[in-house]
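Structural description and commentary
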Amino acid sequence: MCGIVGYIGARETKGLLLEGLKELEYRGYDSAGIAVLQQGAFKSFKALGKLVNLEEKCANYATEGFAVGIGHTRWATHGKPTELNAHPHMGQFSYVVHNGIIENYQELKREMIEAGKTFLSQTDTEVIVHLFEYYFEQGMEAFEAFQATLARLEGAFAILLVTTSLSERIFFAKHGSPLIIGINAQHEKFFGSSDAALIGKCDQVIYLNDGEYGYLDPETIALFNKEHKPITPALCALPESKLSAQKEGYRFFMEKEIYEQSTVLSDAMLGRLGDGEILFEELDSAILEGIENVTFCSCGTSYHSALAASYLFERLAKIETHVAFASEFRYREPLLRKSTLFVVISQSGETADTLESLKMAKAAGLRTLAICNVDNSSMVRLSDYTILARAGIEKGVASTKAFATQVAVLWMLSLYFAKARGTMSREAIAAEITTLREVPAKTAVSDALHERTRRLSKRYLHGHGFFFIGRDVFYPLALEGALKLKEISYLHTEGYPSGEMKHGPIALADPELFTIALLPRHMLFDKAKSNVEELSARDATICVISSEPFEKADDFIPISTCNHYMLEFFEMMVALQLLSMEIAVRLGNDVDMPRNLAKSVTVE
Ligand code: M6R
């Protein structure tokens, strides 16, 4: 996702900003930019693509003496990756960089256009700089204008703003997106959206909390809490290892990504949950014109989210749905009809089989939609419509947060289609939206859950194999649980529909067969329970994940009680991911880069 850096001091500012941005490259981005304010004048550079393009653009520029500067790497959410949409965004006398999403930007943009402001980009961010200048022009002091601007913003943000009206100062605010201040003995001041950007430059940092804002200048650190009371900054020592800074204290990227799910799920929903309806500004009513059915096509984990979606689409939007492995679809000479909406799902947007299937669908004249995590990827460029999953860059080869956001987006899409097709009432959709809002909290990793999976993991290191079983959407979740464990533990695992066990697989049941059984309270509980009882009667070793303790299980991972099966789905998903990771850790495997696997499979 996006990265932010800032600097106040007398060293060569451009170089320091670029160095900081380089340290944030691991987060992924599609454009970058800097703005430097020196002696009351701005110099700004932006470039599409990698930082080297930005470096080339500003190769002949350098500062001498005191300056303030801000920089940004952008991962497109609102508006395509273009130079105009790259940050910093400018007004008449100010520049801003921003991470996160301003949910109410359309309303604010309309207001600013009416007030005479001209917008250059398609981004949500640009409203910030225009609001600030608007309030300043109304006669407010710069800091008051900044406060008035913050009061208008809804959504998540980390913001740095510089203005010629106070040219030694950087205004900042944090609400829902990370932002860190760094200082050193030379009285230089830095900002970074991750401490990776600050290592080696400063020795003390202030990790800002949500709602905190203020300004820095050479002499001052002015910090305010969300009640607008001045607070004393809490200084911490900065970690020294860059790699560990990228992992933000977690042992593995996979672990970090599991813990990030709660946040990225909020990102995936930002601006998309309306009042009794789902809002996808990426779509229009033409998407369903003449469409009678949906084909999902994908690979691996993305196939599992497609399979989960097929249950939701048929249940909620009452539309016929097919799910295909892209590697099979390509060569089976499929019947391609124009009444089919062809949906590819992919974290990377580059998976060869999925991409080729998409090309086939395009060539046959089908309408296409990509659910993807990487803007400007091949699939995004090729599809008629795109919905970005907004999971941020995923580094662990074993996909976690991409799966979580794909399922959330697909659930939202099923409700969007349900409205368009009139298959659900506004009230019923509103009830689902209320449930969607609970998902981020349900996926926040609790110490108790992590500790439980850590303790249990030692009992699941050997044996002759694992079955993961579930019914309905919990069947694709079982498949995903099995894939996660297989990828990083190298143990034999299989996912099965619970009801299928007695049709063959149960022949394997004995104490050395481990079964991970998903028992949701709100989806076919009694039926799934009977299936587990059948295995228990054959002395299989069973670990149940449920909100209901189950006396016939050997082990139990509790989830919280709730009122919707999809909340159980997301909580179980986290339990499965943690269990897989802890088993792999005990086996001494490379969790982030398991053997024989690549993050992006660009060959068939
Ligand atoms: O980038 P994609 O979503 O298209 O990738 C598809 C699969 O290669 C991917 O999900 C793979 O199965 C992961 N290693 C799963 O953890």
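On a predicted model such as this, the values are computed, not experimentally measured, just so you know. For every chain, the first residue of the written sequence is number 1, and numbering continues from 1 along that sequence. Residue-level local features of this predicted model are given only where pLDDT is at least 70; pairs of side-chain atoms are given and counted only at 80 or more, and the full residue set underlies all totals for whole chains, interfaces and linings. The basis for every side-chain value is the complete set of non-hydrogen atoms in the structure, without hydrogens or water.

**Here we look at the pattern of salt bridges**
The term salt bridge refers to a side-chain nitrogen of Lys or Arg lying within 4 Å of a carboxyl oxygen of Asp or Glu. For the structure on display, the rule yields 27 salt bridges. Across the salt bridge formed by Asp217 and Arg169, the nearest N and O atoms sit 3.2 Å from each other. Of the two residues, Asp217 is situated in the loop between β12 (213-216) and β13 (221-224) and Arg169 in the loop between β7 (155-163) and β8 (170-175); the sequence distance between them amounts to 48 residues. The pair formed by Asp217 and Arg169 is uniform in burial state, with each residue classed as buried. In this structure, Asp210 and Lys174 form a salt bridge, with 2.5 Å as the shortest nitrogen-oxygen distance. Placement of the pair is Asp210 in the loop between β11 (204-207) and β12 and Lys174 in strand β8, with a sequence separation of 36 residues. Only protein chains enter the accessibility calculation, which uses a 1.4 Å probe; a residue is then buried when its area is under 20% of its type maximum, exposed when over 50%, and partly exposed in between. Judged by relative accessible area, Asp210 falls into the partly exposed class, the value being 40%. Among the residues examined, Lys174 registers a relative accessible area of 10% and is labelled buried. Among the charged side chains, a network of salt bridges with common partners joins Arg251, Glu255, Glu451, Arg454 and Glu582. Counting from the N terminus, the helices are DSSP H or I runs at least four residues long and the strands are E runs at least two residues long.

**Some points on the pairing of β7**
Burial of β7 is extensive: nine of the nine residues sit out of reach of the surface. In β7, alternate side chains face the same way, and those of Gly155, Phe157, Ile159, Leu161 and Thr163 on one face and Ala156, Ala158, Leu160 and Val162 on the other are all buried. Pairing between strand β6 (residues 94-102) and β7: nine bridges, direction antiparallel. Bridging from a neighbouring strand, Ile101 pairs with Ala156 of β7. Pairing between strands is defined by DSSP: at least two bridges between the two strands are required. As judged from the four bridges shared by β7 and β8, these two strands associate in the antiparallel manner.

**Structural notes on helix α14 (residues 447-457)**
Along α14, the residues classified as buried are Leu449, His450, Thr453, Leu456 and Ser457. Along α14, the residues classed as buried sweep out an arc of 135 degrees about the axis, all on the same side. Exposed and oriented more than 90 degrees from the buried face of α14 are Asp447 and Ala448. In this analysis, two residues are considered to be in contact whenever any of their non-hydrogen atoms come within 4.5 Å of each other. Close packing links the buried residues of α14 with α7 (253-269), β23 (541-546), β24 (555-558) and α17 (565-586). The arc in question is traced by the directions running from the helix axis to the C-beta atoms.

**Digging into the domain arrangement of the protein chain**
Marked domain ranges trace back to an automatic or database domain assignment. According to the domain assignment, the protein chain contains domain 1 (3-240), domain 2 (247-443) and domain 3 (445-591). Measuring from the centre of the C-alpha atoms in domain 2 to the corresponding centre in domain 3 gives 25 Å. The interface of domain 2 with domain 3 comprises 31 residues on the first partner and 33 residues on the second. Accessible area that two parts lose when put together, with a 1.4 Å probe and added across both, is what the buried area reports. In this assembly, domain 2 packs against domain 3 so that about 2,900 Å² is buried in total across both faces, 69% of it on carbon and sulfur atoms. The shortest N-O distance in the salt bridge between Arg315 and Asp472 comes to 2.4 Å.

**As for the sheet that holds strand β19 (residues 385-388)**
The strand order across the open sheet built from five strands is β16-β15-β17-β18-β19, with neighbouring strands paired in parallel fashion. Strand pairing shows two members of the sheet lacking a second neighbour, β16 (320-325) and β19, which therefore form its edges. On average, each strand axis in the sheet is inclined to that of its neighbour by 20 degrees, with strand direction left out of account. The pairing of strand β15 (residues 293-298) with strand β17 (residues 340-346) spans five bridges and is classified as parallel. For Cys297, the partnering residue across the bridge sits in β17 and is Val344. Sitting on the sheet, helix α8 (residues 300-317) is in contact with β15, β16 and β17, with an inclination near 170 degrees to β16. In this description, a line fitted to the C-alpha atoms serves as the axis of each element, helices being fitted only across the stretch in contact, and the angle between N-to-C directions of two axes falls anywhere from 0 to 180 degrees.

**A closer look at the environment of Gly79**
Looking at the element boundaries, Gly79 is found in the loop between β4 (67-74) and β5 (89-90). Under the relative-accessibility criterion, Gly79 is labelled partly exposed at 24%. Distance in space between the C-alpha atoms of Gly79 and Ser121 is 7.8 Å, their sequence separation being 42 residues. Look past the residues within four positions of Gly79 in its chain and what remains in contact with it is Arg74, Asn85, Gln122 and Asp375.

**Description of the sheet that holds strand β14 (residues 236-237)**
As summarised here, the arrangement of the eight strands in space is β3-β2-β4-β1-β10-β9-β11-β14, forming an open sheet in which the pairing is antiparallel. A single partner strand is all that each edge strand has here, and the edge strands are β3 (41-48) and β14. As paired strands, strand β2 (residues 31-38) and β4 are joined by seven bridges and run antiparallel to one another. Each residue of the ladder has a partner; that of Gly33, found in β4, is His72.

**What to know about the nonpolar core**
Leu413, Phe569 and Phe570 are the most contacted members of the largest nonpolar core, which has 88 residues in total. Sorting elements by how many residues they give to this core places α17 first, with 15 residues. If near-sequence neighbours (up to four positions away) are discounted, Phe569 is found in contact with Ala308, Phe403, Val407, Val473, Phe474 and Leu477. Ranked by size, the runner-up nonpolar core spans 29 residues in total, among them Val129, Phe146, Ala148 and Ala173. Residues enter a nonpolar core if they are buried and are Ala, Val, Leu, Ile, Met, Phe, Trp, Tyr or Cys, with the set joined through side-chain atoms within 4.5 Å.

**Section: the pairing of β3**
Sheet topology note: the β2/β3 ladder contains eight bridges and is antiparallel. Bridge pairing in β3 links Ala35 to Ser44. In this antiparallel pair of consecutive strands, β2 and β3, the connection spans two residues, and Gln39 shows a positive phi of 45 degrees.

**Describing a nonpolar patch on the surface**
Residues qualify for a patch when their relative accessible area is over 30% and they have no salt bridge, like charges being joined within 9 Å and the nonpolar side chains of Val, Leu, Ile, Met, Phe, Trp and Tyr within 5 Å. Accessible areas in this description were obtained via Shrake-Rupley with a 1.4 Å probe; residue shielding takes into account the shown protein chains only. Together, Leu84, Met90 and Leu120 give the surface a local cluster of nonpolar side chains, amounting to about 270 Å² of exposed area. Mapped onto the secondary structure, Leu84 falls in the loop between β4 and β5. When its relative accessible area of 51% is taken as the criterion, Leu84 is described as exposed.

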